Amino acid sequence: GSNGGLMVGNMLTHFPECFDAAVCQVPLLDMRRFHKLLAGASWMAEYGNPDEDWESWLERYSPYHQLGWRQCCADVSSLPPTLFTTSTRDDRVHPAHARKMVAKLLDLGSDKTFYYENIEGGHGGAANNEQRSFMKTLEYSFLWKMLSASDSDDDKAAKL
């Protein structure tokens with residue numbers, strides 16, 4: 001999750017053909033506005049200042065902004081089934097990142113976008129072991145279902 005969610009978002013929007021399914025946890029996805037949400041301003045030393053660096057490079061790896069723009073994402077049907085998870089009480093990566101990405105995917109016609117928002121927890125997505133167990137079960141069940149229904153083993157191996 002978190003910065004890993006940014007990586008998953010970029011893999012989905014740059015190389016969707018490489019994946020049969022994905023889970024994007026508490027993701028950072030809107031690189032245009034990250035610095036205006038919660039702790040985002042403290043990340044500008046790492047990512048850059050969107051007000052100054054947007055067109056020079058941040059735009060190229062903002063998954064939210066790649067949708068409908070990059071050739072591979074102009075048609076969201078090419079994207080693999082994806083489960084986005086977040087927490088209402090995340091104090092680091094605002095849940096708006098996942099909410100906006102899911103809303104945009106649905107607006108663009110995706111029928112393979114799934115979403116779960118835990119109303120408790122924090123940046124880890126869960127408040128206690130019971131919730132962590134539920135989240136992991138949800139994620140692995142999603143992957144099991146999506147990958148079991150996908151291509152043959154030969155087709156999967158060819159994608160590696």
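The structure reproduced in this document is the subject of the present report. (Residues numbered from 1 in each chain as written. Predicted model: local features only at pLDDT ≥ 70, side-chain atom pairs only at ≥ 80, totals over all residues. Heavy atoms only, no water.)

1. Describing helix α5 (residues 96–107)
Here is step 1: Relative to the 16 Å expected for twelve residues at 1.5 Å per residue, α5 spans 16 Å between its end C-alpha atoms, a close match to the ideal helical length.
Here is step 2: Here α5 has its buried residues at Ala96, His97, Ala98, Met101, Val102 and Leu105.
Here is step 3: In the core, the buried residues of α5 are packed alongside α1 (3–14), α4 (63–66), β2 (82–87) and β3 (113–118).
Here is step 4: Backbone geometry just downstream of α5 places Gly109 in the positive-phi region, at approximately 100°. (Helix = DSSP H or I, 4+ residues; strand = E, 2+ residues; numbered from the N terminus. Expected span 1.5 Å × (residues − 1). Buried < 20%, exposed > 50% of the residue type's maximum accessible area, 1.4 Å probe, protein only. Contact = heavy atoms within 4.5 Å.)

2. Side note on the nonpolar core
Here is step 1: Ranked by size, the top nonpolar core spans 13 residues in total, and within it Phe84, Met101 and Leu105 carry the most contacts.
Here is step 2: Taken together, the elements giving at least two residues each to this core come down to α1, β1 (22–25) and α5.
Here is step 3: Listed in part, the ten residues of the second largest apolar core include Leu6, Leu28, Met31 and Trp43. (Core = buried A, V, L, I, M, F, W, Y, C linked by side-chain atoms within 4.5 Å.)

3. Some remarks on the pattern of salt bridges
Here is step 1: Here the structure, examined in full by the defined rule, presents four salt bridges.
Here is step 2: Close ionic contact of Asp30 with Arg33 constitutes a salt bridge, the shortest N to O distance being 3.3 Å.
Here is step 3: A salt bridge links Arg99 to Glu117, with the nearest nitrogen and oxygen atoms 2.6 Å apart. Of this pair, Arg99 sits in helix α5 while Glu117 is found in strand β3, placing the two residues 18 residues apart along the sequence.
Here is step 4: For Glu117, a relative accessible area of 19% translates into the label buried.
Here is step 5: Each of Asp30, Arg33 and Lys100 takes part in salt bridges that share partners, so that together they form one network. (Salt bridge = Lys/Arg side-chain N within 4 Å of Asp/Glu carboxyl O.)

4. Points about the sheet that holds β3
Here is step 1: Strand order in the open sheet formed by three strands is β1-β2-β3, with parallel pairing between adjacent strands. The strands lining the two open edges of the sheet, one partner per strand, are β1 and β3. Each strand axis lies, on average, 15° off the axis of its neighbour in the sheet, ignoring direction.
Here is step 2: Both β1 and β2 contribute to a ladder of four bridges, which runs parallel. (Pairing = 2+ DSSP bridges. Axes fitted to C-alpha atoms, helices over the stretch in contact; angles between N-to-C directions.)

5. Looking at helix α6 (residues 129–148)
Here is step 1: Look at α6: 28 Å from first C-alpha to last across 20 residues, which is about the 28 Å you get at 1.5 Å a residue.
Here is step 2: Within α6 the residues assigned to the buried category are Gln131, Met135, Glu139, Phe142 and Met146. Summarising the axial view, the buried residues of α6 lie within an arc of 70°, below the 170-degree limit, and thus occupy one face. More than 90 degrees from the buried face of α6, the exposed residues found are Asn129, Glu130, Tyr140, Trp144, Lys145 and Ser148.
Here is step 3: The N-cap of α6, judged by a side-chain oxygen 3.1 Å from the amide nitrogen of Glu130 a few residues on, is Asn128. (Arc of directions from axis to C-beta. Polar contact = N/O pair within 3.5 Å; in protein donor to acceptor, adjacent residues only side chain to side chain.)

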